[in-house]
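# Tertiary structure, described
Chain by chain, the residues:
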Amino acid sequence: RALLDIQAGIETSNNRTGAYGVILAGLQRLRRLAVISDDGESSKIDLLEEEVGEIVENGEKVVVFSSFANLVLPIVAKRLNRFGSLMFTGSMTNEERANVHQRFLTDPTARVMSASLKAAGVGLTWTVASHVYHLDTWWNPQVMRQAEDRVHRIGQRQTVFIKQLIAEGTLEEAIDTLLISKTEIFELVVEGSPMSSIEPHLAKELASLIGLKLPAFSSALVNR
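### Section: the pattern of salt bridges
- Counting across every chain of the model gives eleven salt bridges.
- Between Glu172 and Lys44 there is a salt bridge; the shortest N-O distance is 2.4 Å. Within this pair, whereas Glu172 is found in helix 7 (residues 171-178), its partner Lys44 is found in helix 3 (residues 43-57), the two being separated by 128 residues in sequence. Taken as a pair, Glu172 and Lys44 share a single burial class, namely buried.
- A network of salt bridges, in which partner residues are shared, links Asp5, Arg29, Arg32 and Asp38.

Set out below in structure tokens:
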């Protein structure tokens, strides 16, 4: 259904800029659907809940990263609540973030940190954790590696296990393959380039990730 909605949006766009906007919005929706469906079903969170239970039983701590701070993290935190789950997002105040961070570092009952990839991926130390989960795939692999480094920092005495959960046959699997060599794609998405400046060949590559086709727009309609 999501693909049909995106294709319909592309076909009803009266210029290239509008079609590109539909594609980018559609890609974000499909990324989210690879984590959790519209009705709240998620095989990833089911797996996460099972594995985190085993990790916590061994007395270890876990950091779960997601780029969907508002849509996914509250659900994850709720599902993992019995493991002493905390949540760290950019929408929290500086004081709230500092308190949550300190509690995770010092409270033995706080075993899981559900954290925004961007908000928690810079300037923090998570060395009390020995397991990292990436619940979704971000466009820029370096951002994910930077977040992992928060757990690998000086003072870490444990072996750190990192898992990136990728749903087979979904957009994020295609992203993971494409971004190995297509740096201009994630620069386009992450840096938020104006829709009118996107090169047609890049737009076609983005559309091809989800099996969609772009109509042939007249050059006179591009910026209308």
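### With respect to the packing of helix 1 (residues 2-12) against helix 2 (residues 16-33)
- Direction vectors running N to C along helix 1 and helix 2 enclose 170 degrees, while the axes themselves pass 9 Å from each other. Taken together, helix 1 and helix 2 sit at an angle that is classed as roughly antiparallel. In contact with Ala2, Leu3, Asp5, Ile6, Gly9 and Ile10 of helix 1, helix 2 contributes Ala19, Val22, Ile23, Gly26, Arg29, Leu30 and Leu33.
- A class-by-class count of the residues in the contact of helix 1 with helix 2 yields nine nonpolar, two polar and two charged.

### Focus: the sheet that holds strand 3 (residues 112-116)
- Taken together, the five strands give an open sheet; going across it, the order is 2-3-1-4-5, and neighbouring strands pair in parallel fashion. Of all the strands in the sheet, just strand 2 (85-88) and strand 5 (161-164) have a single pairing partner and so form its edges. Looking at each pair of strands side by side, their axes are set apart by 15 degrees on average, direction ignored.
- Across four bridges, the pairing between strand 2 and strand 3 is parallel. For Ser85, the partnering residue across the bridge sits in strand 3 and is Val112.

### Things to note about the environment of Ser208
- Within the element layout of this structure, Ser208 appears in helix 9 (residues 200-208).
- In the structure, Ser208 is positioned 34 residues away from Ala174 in sequence and 9.7 Å away in space, judged by C-alpha atoms.

### So, helix 3
- Taking 1.5 Å of rise per residue, the 15 residues of helix 3 would be expected to cover 21 Å, and the 22 Å separating its terminal C-alpha atoms lies within 8% of that figure.
- Burial in helix 3 covers these residues: Lys44, Ile45, Leu48, Glu49, Glu51, Val52, Gly53, Ile55 and Val56.
- Buried-residue contacts for helix 3 involve strand 1 (62-66), helix 4 (73-79), strand 3, strand 4 (131-134), strand 5 and helix 7.
- One or two steps after helix 3, the chain reaches Gly59, where phi turns positive at roughly 80 degrees.

Rules behind the numbers
Residues numbered from 1 in each chain as written. Predicted model: local features only at pLDDT ≥ 70, side-chain atom pairs only at ≥ 80, totals over all residues. Heavy atoms only, no water. Salt bridge = Lys/Arg side-chain N within 4 Å of Asp/Glu carboxyl O. Helix = DSSP H or I, 4+ residues; strand = E, 2+ residues; numbered from the N terminus. Buried < 20%, exposed > 50% of the residue type's maximum accessible area, 1.4 Å probe, protein only. Axes fitted to C-alpha atoms, helices over the stretch in contact; angles between N-to-C directions. Parallel < 35°, antiparallel > 145°, perpendicular 65-115°, else oblique. Contact = heavy atoms within 4.5 Å. Nonpolar A, V, L, I, M, F, W, Y, C, P; charged D, E, K, R; others polar. Pairing = 2+ DSSP bridges. Expected span 1.5 Å × (residues − 1).

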